[in-house]
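# Results of the structural survey
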Amino acid sequence: MSDALTALATRGEVRRYRRGTVLIHEGDIGETIFIIISGRLRAYSVGDNEREITYGVYGPGEYLGEMSLDGGRRSASVITLEACTCAVITRRTLEAFIAEQPAFAFELLAKVIRRARAATLSARQMALNDVYGRLKQLLESLAPTPDGNGRRVLQERLTHQEIANRLGCSREMVSRLVKDLQRGGFVEALGAGGLAIARSLPAKW
């Protein structure tokens, strides 16, 4: 967490939330941001067919809710994945803080730009990659470096449904692809739902 964000967090109301608490509802009007002190939050949307898509998972030192500071509606819902502690900052508090520390406005703008770029990349991948291509990229992004055994262990333990939510596809499709990759010796299942890349994933499947 940057020094400026730490200073801003001290001006907010610290709240604790149980696992499974929805902090932000997509479509609502809101003028608060949530600075994450501990725990993890997931930003997502639900389609007309009740299928979810996950935009991202965020942890300590990050914040959510800045996209509605223009007075518009919330662009996604946010739910706690575990017990969380957040500093809740109102628009008025944020405006006063920026007046005192104008440089933070550029930090806030940079965050918005990075997330907009990530959303553009995600949309591009959804349009141009098949499900396997998106799965390959997700697995490789979550396992950047090998362990002592040469395996690349995923840094997050995800269920097949959670993977499907991130890829925008069905759980059945993910289960089939993961099983096929296991049979081919590319992916190894670990205890408690963990996964590891045993050898380089093929470009196509």
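Residues numbered from 1 in each chain as written. Predicted model: local features only at pLDDT ≥ 70, side-chain atom pairs only at ≥ 80, totals over all residues. Heavy atoms only, no water.

What follows deals with the confidence of the model for the chain. Per-chain confidence: the chain averages 87 in pLDDT, with 96% of residues scoring 70 or above. Within the chain, no element has a lower average pLDDT than helix α3 (residues 103–128), which sits at 76, and none a higher one than strand β1 (residues 13–17), at 96. (pLDDT = per-residue confidence, 0-100. Helix = DSSP H or I, 4+ residues; strand = E, 2+ residues; numbered from the N terminus.)

Quick look at the pattern of salt bridges now. Within this structure, the stated rule accounts for 12 salt bridges. When the shortest N-O distance is used, the salt bridge between Arg40 and Glu156 registers 3.8 Å. Here Arg40, found in the loop between β3 (32–38) and β4 (41–46), pairs with Glu156, found in the loop between β9 (152–153) and α5 (160–167); they are 116 residues apart in sequence, far enough to count as distant. For Glu156, the salt bridge identified is with Arg166, shortest N-O distance 2.6 Å. (Salt bridge = Lys/Arg side-chain N within 4 Å of Asp/Glu carboxyl O.)

So, on to the pairing of strand β8 (residues 84–90). Summarising burial for β8: six of the seven residues are buried, a large majority. Two strands pair when backbone bridges link them, and β1 and β8 are joined in this way by five bridges, in the antiparallel orientation. Opposite Arg16, over in β8, you have Thr85 as the bridge partner. Sheet analysis places β3 next to β8, joined by six bridges and oriented antiparallel. Bridge pairing links Ile36 to Cys86 in β8. (Buried < 20%, exposed > 50% of the residue type's maximum accessible area, 1.4 Å probe, protein only. Pairing = 2+ DSSP bridges.)

With that settled, the discussion passes to the nonpolar core. Counting residues in hydrophobic clusters, the biggest one holds 22 residues, and the most contacted among them are Leu139, Leu181 and Leu201. Sorting the residues of this core by element identifies α4 (131–142), α5, α6 (171–183) and β11 (195–197) as the ones contributing at least two each. Ranked by residues supplied to this core, first place goes to α4 with six residues. With near-sequence residues (within four places) excluded, Leu181 lies in contact with Tyr132, Leu135, Leu139, Phe186, Val187, Leu201 and Trp205. Counting residues in hydrophobic clusters, the runner-up holds 14 residues, among them Ala4, Leu5, Ala9 and Ile89. (Core = buried A, V, L, I, M, F, W, Y, C linked by side-chain atoms within 4.5 Å. Contact = heavy atoms within 4.5 Å.)

What characterises a pair of aromatic rings is the spacing of the ring centres plus the angle enclosed by the ring planes. One pass over the structure, following the stated rule, counts three aromatic pairs. Between Phe97 and Phe104, the aromatic rings sit 5.4 Å apart at their centres with planes inclined by 85 degrees, giving edge-to-face as the arrangement. Judged by relative accessible area, Phe104 falls into the buried class, the value being 2%. Joined through ring pairs, the aromatic side chains of Tyr132, Phe186 and Trp205 make up one cluster. Between Arg42 and the ring centre of Tyr44, over which it is positioned, the NZ or CZ distance is 4.5 Å. Above the plane of the ring of Phe186 lies Arg199, whose end atom (NZ or CZ) is 4.0 Å from the centre. (Phe/Tyr/Trp six-rings, centres within 6.5 Å; stacked < 30°, edge-to-face > 60°. Lys NZ or Arg CZ within 6 Å of the ring centre and 35° of its normal.)

Contact geometry for α5 and α6: axes closest at 8 Å, N-to-C directions at 110 degrees. Considering their axes alone, α5 and α6 lie roughly perpendicular with respect to each other. The element α5 and its partner α6 pack so that their crossing is right-handed. On α6, the residues touching His160, Gln161, Ile163, Ala164 and Leu167 of α5 are Arg171, Val174, Ser175 and Val178. (Axes fitted to C-alpha atoms, helices over the stretch in contact; angles between N-to-C directions. Parallel < 35°, antiparallel > 145°, perpendicular 65-115°, else oblique. Left-handed = near helix turned anticlockwise from the far one by under 90°.)

With that settled, consider the sheet that holds strand β7 (residues 77–80). Reading across the sheet, the four strands line up as β2-β7-β4-β5 and stay open at both edges, with antiparallel pairing between neighbours. Among the strands making up the open sheet, the edge pair consists of β2 (22–24) and β5 (52–58). Between one strand axis and the next, the sheet turns through 30 degrees on average, direction left out of account. Of the strand pairs in this sheet, β4 and β7 are connected by four bridges, and their pairing is antiparallel. Residue pairing across strands places Tyr44 opposite Ser77, the latter belonging to β7. Of the strands in this sheet, β4 and β5 touch α5, which is tilted by about 95 degrees from β5.

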